[in-house]
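Reading the structure
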Amino acid sequence: MQDEKIAEAKGKEPKPGQQDDIPKKLWAAYEKAFFSFQPEEGRRFTRSTEKQLGQLERRIARKKKQENHQVLADMKDLHRKVAQIGYTVILRDNKWLKKYRHVVRCLARLDMSFLKRMAAAVVPEDIAGMEKTAALLRSKSLYEIYKEEYMQYLVGQRIEELMEAEPEKQYPEARGMKRHFILHIGPTNSGKTYEALQRLKQAYHGIYLGPLRLLALEVYDRMMAAGIPCNMITGEETIRTPGSFVQASTIEILDIREVYDIAVIDEAQMMADENRGSFWTRAVLGIRAQEIHVCCSGTAKQLLVRMLERCGDEYEIVRHERNTKLEFIPERYDMATDVEQGDALIAFSKKNVLAIAAALEGRGIRASVIYGNLPPQTRQEQVRLFTEGINQVVVATDAIGMGINLPIRRVVFMNTTKFDGVGKRRLLAEEIRQIAGRAGRYGFYDTGYVQSAMDMEYVGKKLAEPFYPIRRARVGFPEILLDIDIELDEIIEAWEKTGNPPMYDKISMKESVDKYRYLRDYRRRIPYMNDRRLVLSLITCPFDVKDREVLKLWLRYCEKPEKQQNCPMLPRDFSLEGLESYYKQLDLYTQFSARMDWVIDKDEVAANREWAQHEIGELLKDDKGQFEKKCRICGRPLAWNAAYPICDRCYRKMGRES
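Cut-offs used in this document
- Residues numbered from 1 in each chain as written.
- Predicted model: local features only at pLDDT ≥ 70, side-chain atom pairs only at ≥ 80, totals over all residues.
- Heavy atoms only, no water.
- Helix = DSSP H or I, 4+ residues; strand = E, 2+ residues; numbered from the N terminus.
- Buried < 20%, exposed > 50% of the residue type's maximum accessible area, 1.4 Å probe, protein only.
- Contact = heavy atoms within 4.5 Å.
- Areas by Shrake-Rupley, 256 points an atom, 1.4 Å probe, with all protein chains shown as cover.
- Lys, Arg positive; Asp, Glu negative; His and termini not counted.
- Charge placed at Lys NZ, Arg CZ, Asp CG, Glu CD.
- 1 Å grid on protein atoms, 1.4 Å probe; cavity = no way out; pocket = protein on both sides within 12 Å on 5 of 7 lines; lining within 4 Å.
- Points joined across faces, edges and corners; volume = space filled by probe spheres on them.
- Nonpolar A, V, L, I, M, F, W, Y, C, P; charged D, E, K, R; others polar.
- Expected span 1.5 Å × (residues − 1).
- Polar contact = N/O pair within 3.5 Å; in protein donor to acceptor, adjacent residues only side chain to side chain.
- Pairing = 2+ DSSP bridges.
- Axes fitted to C-alpha atoms, helices over the stretch in contact; angles between N-to-C directions.
- Core = buried A, V, L, I, M, F, W, Y, C linked by side-chain atoms within 4.5 Å.
- Disulfide = S-S within 2.5 Å.
- Parallel < 35°, antiparallel > 145°, perpendicular 65-115°, else oblique.
- Left-handed = near helix turned anticlockwise from the far one by under 90°.

**A closer look at the overall build of the protein chain**
Of regular secondary structure, the protein chain possesses 24 helices and 18 strands. Seen through its C-alpha atoms, the protein chain measures out along the principal axes to roughly 95 × 80 × 55 Å. Per-residue burial for the protein chain yields a buried fraction of 51% across its 658 residues. Across the protein chain, contacts joining residues at least 24 apart in sequence account for 74% of those joining residues at least 6 apart. For the protein chain, the computed accessible surface area is about 32,400 Å², with 48% contributed by carbon and sulfur atoms. A distance of 7 Å separates the average location of the 107 positive side-chain charges in the protein chain from that of its 98 negative side-chain charges.

**Describing the layout of surface pockets**
Quantified by volume, the second largest pocket comes out at close to 910 Å³. With five residues, helix α10 (residues 192-200) is the largest single contributor of residues to the lining of the second largest pocket. In the lining of the second largest pocket, the residues fall into 13 nonpolar, 15 polar and 13 charged.

**A look at helix α22 (residues 576-596)**
For α22, with 21 residues, the first-to-last C-alpha span of 30 Å sits near the 30 Å given by 1.5 Å per residue. Most of α22 sits out of view: 18 of its 21 residues are buried.

**Considerations on the side chain of S190**
Within the fold, S190 resides in the loop between β1 (180-185) and α10. Here the side chain of S190 touches P187 through a polar contact of 2.6 Å, landing on its backbone oxygen. Apart from the residues within four sequence positions on either side, S190 is in contact with H320, E321, R322 and N323.

**Here's the deal with the environment of L53**
For L53, the position within the fold is in helix α3 (residues 49-63). Judged by its relative accessible area of 0%, L53 falls in the buried class. In this structure, the C-alpha to C-alpha distance between L53 and G186, residues 133 residues apart in sequence, is 72 Å. Discounting chain neighbours no more than four positions away, the residues touching L53 are I85, W96, K99, Y100 and V103.

**Digging into the sheet that holds strand β5 (residues 246-250)**
Overall, mixed pairing links the eight strands, which are arranged β4-β3-β5-β2-β6-β7-β1-β8 in an open sheet. The two strands at the open ends of the sheet, each matched to only one other strand, are β4 (238-239) and β8 (314-319). In the sheet, strand β3 (residues 230-233) pairs with β5 via four bridges, with the strands oriented parallel. Its bridge partner lying in β5, C230 is registered against V246. Packing of α10 onto the sheet brings it into contact with β1, β2 (206-210), β5, β6 (259-265), β7 (288-296) and β8, and relative to β7 it is tilted by some 160°.

**A short note on the nonpolar core**
Residues F34, Y146, L519 and W554 are the most contacted members of the largest nonpolar core, which totals 91 residues. Looking at which element gives the most residues to this core, the answer is helix α5 (residues 97-118), with eleven residues. Setting aside chain neighbours within four positions, we find F34 in contact with H79, V82, A83, I90, Y100, V104, L107, L137 and R138. Residues V284, L285, C296 and M402 belong to the second largest nonpolar core, which totals 37 residues.

**Structural notes on the sheet that holds strand β13 (residues 410-413)**
Ordered by their spatial adjacency, six strands build an open sheet running β9-β16-β13-β10-β12-β11, and the pairing between neighbours is parallel. Every other strand in the sheet has two partners, leaving β9 (325-332) and β11 (367-370) as the edge strands with one partner each. Between one strand and the next, the sheet's axes are offset by a mean angle of 20°, whatever the strand orientation. Direction of pairing for strand β10 (residues 343-346) relative to strand β12 (residues 393-396): parallel, over a ladder of three bridges. The residue bridging L345 from the neighbouring strand is V395, located in β12.

**What to know about the state of the cysteines**
Working definition: the covalent bond between the sulfur atoms of two cysteines is a disulfide. Throughout the structure, instances matching the rule amount to zero disulfides. Unpaired in this structure, C296 has its nearest cysteine sulfur neighbour in C295, at a distance of 7.7 Å. Residue C296 is classed as buried on the basis of its relative accessible area of 0%.

**Focus on the packing of helix α2 (residues 24-34) against α5**
Two elements in contact, α2 and α5, have axes whose closest approach is 11 Å; the angle formed by their N-to-C orientations is 130°. For the element pair α2 / α5, the angle class is oblique. The element α2 and its partner α5 pack so that their crossing is right-handed. On the side of α2, the interface is formed by L26, W27, Y30 and F34, while α5 contributes Y100, R101, V104, R105, L107, A108, D111 and M112.

**Points about unusual backbone geometry**
A positive phi angle, near 70°, is found at N189, a position not held by glycine. The buried category is assigned to N189, whose relative accessible area is 15%. The residue E267 is not glycine, and still its phi comes out positive at about 55°. Within the element layout of this structure, E267 appears in the loop between β6 and α12 (277-286).

The structure is reproduced here in structure tokens:
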């Protein structure tokens, strides 16, 4: 009898002549949500059912006259309350089924009207067609389901359509070629890149693709020194040589429409990198070349083989062994007594690198410095000073681990934690091996040494740890999703939440989403926000968002991206930070101009680059004492890794005075 009453209450139609304003498909979702409860759900029964139904009906009626924010603030609670009372009505107090049905229909009408107010173009039946809508209605309104669940559902459907043909099938031109891969597998300092470049020298139309502008510059210099005309094209600068046979580039520059006879893809284990890995994946899957040399560590071998087998490409594996021995010294390194010619001291922030170099030079030990923000020519000069023995040691961040060839005898870890953009964490085994492998350069030393100023056991353990293979490569954001009619940041975030294709993970788009939201705050001044492809091009333009001056310049360019802009003026701040910021502004200017097809004065840009690099080089060469950490109160020198900005003496004095 109870089931019959429930069925009657669920299915009862409006009286003859009365128009039913709730579509059948939508009402079916509400029926499933609010008339299908089971005792095992474990909800509590409510008291005074009739009274609570009356209160709910009045609350829903009041919502029609309230402001949008007032309605939205109460919707979740309304839906939960209707579900809670429904549990009582369906399982115990079914004499109130008719009144309860009326309340549910009122709630459905409120949902529909509020959805129309907030998103007029949305069809409620489309949301009802989503499988989990009924379950969600017990705690959310239609509009909240649309914003929080339905758009992700749409993006997920579009992604599934796109990924029906797995990532490797997105490059039909490459699949139509007979490609032959030579996988150069080996540790750092094993000569794998050298061997691949020897083959590249024989190319009629070849390309080198690496992770850093400095490596592209190094390959360019090698080719030109060997008498092979070479272009260098990176996001920041272009050097074109008449009659060039090869091109040295950063991985992002690859044009997959171009056909090559020989290609070299360097540091391919970076295809697992959270932020840039998709560029290596794209290169491996999509490059159109007959002979492709891929250089990587042993961790990437299994994944690369699986990718190539799925592509149907031929491959051979060339294994490389270190040319020199690598030995770990378990004793703690003391910077006060143990510094020797050929040491590389590794810290993980620019501030610490400069502080260590300043402390060394204060004792008469000349030091080169290498860190991420250094302009290429400045970095080259620092490398030259160390290579020629003018500077006894080099102090560097982990940037040194990525293919920079230095005559290092001993690598010393000054600490074993780094900030990875989210928080501080300990170094991974692969990171320690990559950096440590720079010790004992072939042709200079027979043995390389590794030591640590702290956590000696940890470094030794990680060096001895077996290789754990990379299991998944990264794929990038598919532009086909730009056709979905919601905000771009919501599309990207929904894409990030969907499932991954086999063997692949998605790159992180957090920084691009942050840039989009900066632009959205400028919406009144930016008329082109509906041009998704243009906006995506702007927000994926790489630059340092933490540098306020660079961010302000980017926003200014974005106001009118089609308008030609002049080269950034020389800075007023001649400190190291000011000069590095200016160099980054020049980088942004050249990258932005390339994306927007501005016609720029390349000679002026080159002259300003050279000036900035020279000034930075002079600051680093003349006196590093300015970078020494000092007590804010008395000015006494502090240890390079001092945790606090004041010395112990001043701290004790402050304690006595307080």
